[in-house]
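Chain by chain, the residues run as shown.
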Amino acid sequence: MVSAATAAVLRVADCRAVLAGTVPAWLAEMPRVRWVEPRAEQRSVSPAASYAVDAVTALEAPRANAALFTFAGPPGSCLRLFQPARDAAGALVGPGFGVERSRHIHPFTVLLALQNQVAATLSMRLDLRGPCCSTTDSAAAFVDLLPNMALAARARPVLAVFASAARAEHLAARARPAGETLVEGAVALLFTAGGELGSVGADAPPEAGEATDPTANGYLKPYASLVAPSLEPGLAVLYALGRGLDLARFEIREPGRTTALRWSRP
Amino acid sequence: MSGAPATAPVAVLSASLVLPGGLEIDDLFRGKSGAVRLDGEHVPAIGAPVLEPIERPHDFPFPLAPRALLLALEAARRLEHEPGAPCGLVLALSCTHAEPPYLEHTLRHHEDPLRMRETLAFHADFPLEYLAARLGVTGPRVRIDSACASGSDTLAVAQEWLEAGVVEDVLVVAASAMMDPVGLALFRNLHALSDEDDLQASRPFDRRRRGFVMGEGAAAAWLSSREPIPALGWLCGHGRSMNADKFTGMPRDLDAMAAACLDALGPVRDLVYLSTHGTGTPLNDPCESRLYKEIFGEAAYRIPMSSLKSMTGHCLGASSLIEALVTIEALRRGTAPPTLHLEEPDPECDLDYVPLAPRPIRSGFALSAAWAFGGHNSALLLAPERPW
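In this text, all values refer to a predicted model and were calculated from it rather than measured experimentally.

A separate point is the overall build of chain B. Helix and strand content of chain B: 11 helices and 14 strands. Relative to the compact-globule value of 21 Å for 388 residues, chain B shows a C-alpha radius of gyration of 20 Å, a close match. With the principal axes as the frame, chain B shows a C-alpha extent of 65 × 50 × 40 Å. Expressed as a percentage of the 388 residues in chain B, the buried residues total 64%. Contacts spanning at least 24 positions in sequence make up 81% of the contacts within chain B whose residues lie at least 6 apart.

Written out as structure tokens, the structure is:
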């Protein structure tokens, strides 16, 4: 039986990526990817938002009036922004902090602390005024939101943007196996009714304990050593395009769960 | 605008609120404020925190827990729900990485992986998956963040899942906890907060307003497309847009905000109530007043509208879910909650803001509106009965 979730299929009109970090060879050779140096925070723009603007700007298909779905991971470290206040007070909060020393927190810090900054920056820089669904730390939910995107696609193009930047504290908290590769940046996917590059839809997630057939998923092996928070669905499409795959199944893995994405090409 | 409604209504079967200042929902229909005087470490001195103790679950797996997640868990605990399986979950949880315990711990220990593991509850998809496990949710789930429009957007995503037939039940939860020295400093330094040492400092649409009063809180709701079912109310439409203008200010033109409202309204123009965003900042309130005049023309003057933030303060990412659920309750009771402290109306804010005292309203449609930092606009059309 075909469920409503798996029935939602979106046609890809364009796909572009701006990536930084330790580059695995298989990804470095992909077309549609521009490699850049890792970025630092600007006064009011986080690295993740900066990558996202560049990835969407690189799209060649028209994106005006698009519905925007953003999948933001860590936007970049906020620690540096709070360090002056802590240095001045000796502690970030406590006696005396709230009066004068809290002034050491720059007004624009709030812009970098808000997790909707990727969506906001894209809208402001690229004049996107359509509906927006801004998600955070939910790359696996890309598959869950395909029906929402399909509803939006009835009326307008749909722009899905995946963006993240290394958050030092996030990485420090994780157990990192040897050989792991960290990639940050952004991937932009444009879906239109006439998109000709291929289609994405939901696939059934793996059952608990189910062994995955690696021959059905060429992306699994390179992915296993790649840490790219919130970028995985976009990287899956890049990979399928780069390798010229006609049919593929990708698992979108987060610490708490796994969803699955189906790629097909006419 | 005319024609058939674009979306099928979905039932709101149950709701729960965790309100600031010890408020209960009845208090919002009596015109009671949740503002309290904060302790000496806080500037500004007035806020609307959740007063009851919010305990960490005894089996919480990490020593540090985001307060926003604890508020979300409390709202979920209070929610009466028996959804079918699979059920969806939409969570709005903002700014957990700006909570002082996280920042303080991380600034001290960020080079110590063992100590940093204590912060894992703040990272990646832990909050969403932990809440899903507590609620028994196995269906689609997502964590969204559109700043102060987040709560409203949880309902929009849920309505789309139900409309698409992905699931027949969705739980939505929104929580915000920035009532701490860091959160207050972030917004105070932007000159968004009122600096008055006055328990009546939250005065939306009043000419004396000087900014919003920080609040915190949470809300949860159970939505369903199953029928027949007794419902608290109905979510009949939603609209969203982006301003493509400023991050923190109001936009120069109101077209995008109007588009969100018009998408939510569909063919409906006769409203019996409008829950405004109504922050009490100098910029928001006149802009919002102009917007409703643009959309409804002369009829705008006849729509009772109020700002719940006059009582709850601004609960940021949770505010628009709290306000939508209170709007449903207003329709059930046939009573518009008041805008407190509105004693000297701003001439630029000359609509009917139901000042000071609650007022009876007709049965019919209501709009709940939210405008957020980053330029997110979100509006919801609500009704007490299924309209179509």
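A separate point is the overall build of chain A. Looking only at helices and strands, chain A features 11 helices and 10 strands. Across chain A, every contact between residues at least 6 apart in sequence was considered, and the portion connecting residues at least 24 apart equals 78%.

A few words on helix α6 (residues 150–164) of chain B. One turn of the α-helix equals 3.6 residues, which is why residues spaced by three or four share an orientation. Residue and element names in this part refer to chain B. Over its 15 residues, α6 extends 21 Å from the first C-alpha to the last, a length consistent with the 21 Å expected when each residue adds 1.5 Å. For α6, the tally of buried residues reaches 13 of 15 residues, placing the bulk of the element in the interior. Note on α6: the residue one or two positions beyond its end, G165, has a positive phi of about 80°.

Residue and element names in this part refer to chain B. At a minimum axis distance of 11 Å, the contact between helix α2 (residues 67–78) and helix α5 (residues 126–135) shows a crossing angle of 20°. Of the possible angle classes, the one that applies to α2 and α5 is roughly parallel. When you trace α2 past α5, the crossing you get is right-handed. Counted together, L69, A72, L73 and A76 of α2 and P127, L131, R134 and L135 of α5 form the full contact between these two elements. Looking at the contact of α2 with α5 residue by residue, the class counts come to seven nonpolar, no polar and one charged.

A word on the nonpolar core. If you look at the biggest cluster of nonpolar residues, it comprises 235 residues, and the most contacted ones within it are A52(A), V161(A), A186(A), A72(B), V172(B), A219(B) and L223(B). In contact with L223(B), other than residues within four places in its own chain, are V10(B), A11(B), V12(B), L13(B), A158(B), L162(B), V170(B), V172(B) and L235(B).

What follows is about the interface of chain A and chain B. Across the contact, 61 residues belong to chain A and 62 residues belong to chain B. Those elements that provide at least two residues to the side of chain A that touches chain B are α1 (4–7), α4 (79–89), α5 (109–113), α6 (117–126), β4 (132–136), α7 (141–144), α8 (146–153) and α9 (168–173) of chain A. Among the residues making up the side of chain A that touches chain B, the classes are represented as 36 nonpolar, 16 polar and nine charged.

Bringing the environment of L89(B) into the picture now. Residues and elements named next belong to chain B. Within the secondary structure, L89 is located in strand β4 (residues 88–93). Judged by the 28 C-beta atoms lying within 10 Å of it, L89 is buried. Between the C-alpha atom of L89 and that of G215, which follows or precedes it by 126 residues, the distance is 24 Å.

As a further point, take the packing of α4(A) against helix α3 (residues 100–109) of chain B. Their axes nearest at 11 Å, the elements α4(A) and α3(B) cross at an angle of 90°. What the angle tells us is that α4(A) and α3(B) run roughly perpendicular. Contact residues: L79(A), F82(A), Q83(A) and R86(A) in α4(A); L103(B), T106(B) and L107(B) in α3(B). A class-by-class count of the residues in the contact of α4(A) with α3(B) yields four nonpolar, two polar and one charged.

Looking now at helix α11 (residues 319–333) of chain B. All names here are of chain B. The end-to-end C-alpha separation of α11 is 21 Å, in line with the 21 Å expected for 15 residues at 1.5 Å each. In terms of residue burial, α11 counts as a mostly covered element, since 13 of its 15 residues are buried. Of the residues one or two after α11, G334 is the one with positive phi, at around 70°.

Okay, the pairing of strand β1 (residues 10–18) of chain B next. Residues and elements named next belong to chain B. Among the nine residues in β1, nine count as buried, and that is most of the element. The pairing of β1 with strand β7 (residues 217–224) spans seven bridges and is antiparallel. Bridge pairing in β7 links S14 to W222.

Let's shift gears to the pairing of strand β8 (residues 233–242) of chain B. Residue and element names in this part refer to chain B. Among the 10 residues that make up β8, 10 are buried, leaving the element largely enclosed by the rest of the structure. Sheet topology note: the β1/β8 ladder contains three bridges and is antiparallel. Residue pairing for β8: V10 is matched across the bridge by L235.

A few words now on unusual backbone geometry. Residues and elements named next belong to chain B. In this structure, the amide linkage connecting A85 to the following residue, P86, adopts the cis form with an omega of -5°. Relative to the helices and strands, P86 resides in the loop between α2 and β4. Even without glycine at this site, H191 takes up a positive phi of about 60°. Of note, H191 is situated in the loop between α7 (181–188) and β7. A positive phi angle, near 45°, is found at V354, a position not held by glycine.

What follows is about the environment of R32(A). Residues and elements named next belong to chain A. The residue R32 is located in the loop between α2 (25–28) and β2 (33–35) in this model. Separated by 43 residues in sequence, R32 and P75 have C-alpha atoms that sit 22 Å apart. In this structure R32 touches C15, R16, A17, L238 and L241, once residues within four positions along its chain are discounted.

Looking now at the confidence of the model for chain B. For chain B, mean pLDDT is 94; residues scoring 70 or higher make up 98% of the total. Both confidence scores are given for the complex: pTM 0.95, ipTM 0.96.

All right, on to the environment of L91(B) then. All names here are of chain B. By the secondary structure assignment, L91 is in strand β4. In the structure, L91 is positioned 22 residues away from L69 in sequence and 9.8 Å away in space, judged by C-alpha atoms. L91 has contacts with A72, P127, L128, L131, R143 and V173, leaving out every residue within four places of it along the chain.

Mean pLDDT over chain A works out to 83, with 83% of the residues at or above the 70 mark. A low-confidence stretch, residues 213–222 of chain A (pLDDT under 50), is modelled with 19 contacts involving residues beyond four sequence positions or located in other chains.

Calculation rules
- Residues numbered from 1 in each chain as written.
- Chains lettered and ligands numbered in written order.
- Predicted model: local features only at pLDDT ≥ 70, side-chain atom pairs only at ≥ 80, totals over all residues.
- Helix = DSSP H or I, 4+ residues; strand = E, 2+ residues; numbered from the N terminus.
- Rg over C-alpha atoms; globule rule 2.2 N^0.38 Å.
- Buried ≥ 20, exposed ≤ 12 C-beta atoms within 10 Å, placed from the backbone.
- Contact = placed C-beta atoms within 7 Å.
- Expected span 1.5 Å × (residues − 1).
- Axes fitted to C-alpha atoms, helices over the stretch in contact; angles between N-to-C directions.
- Parallel < 35°, antiparallel > 145°, perpendicular 65-115°, else oblique.
- Left-handed = near helix turned anticlockwise from the far one by under 90°.
- Nonpolar A, V, L, I, M, F, W, Y, C, P; charged D, E, K, R; others polar.
- Core = buried A, V, L, I, M, F, W, Y, C linked by C-beta atoms within 7 Å.
- Pairing = 2+ DSSP bridges.
- pLDDT = per-residue confidence, 0-100.

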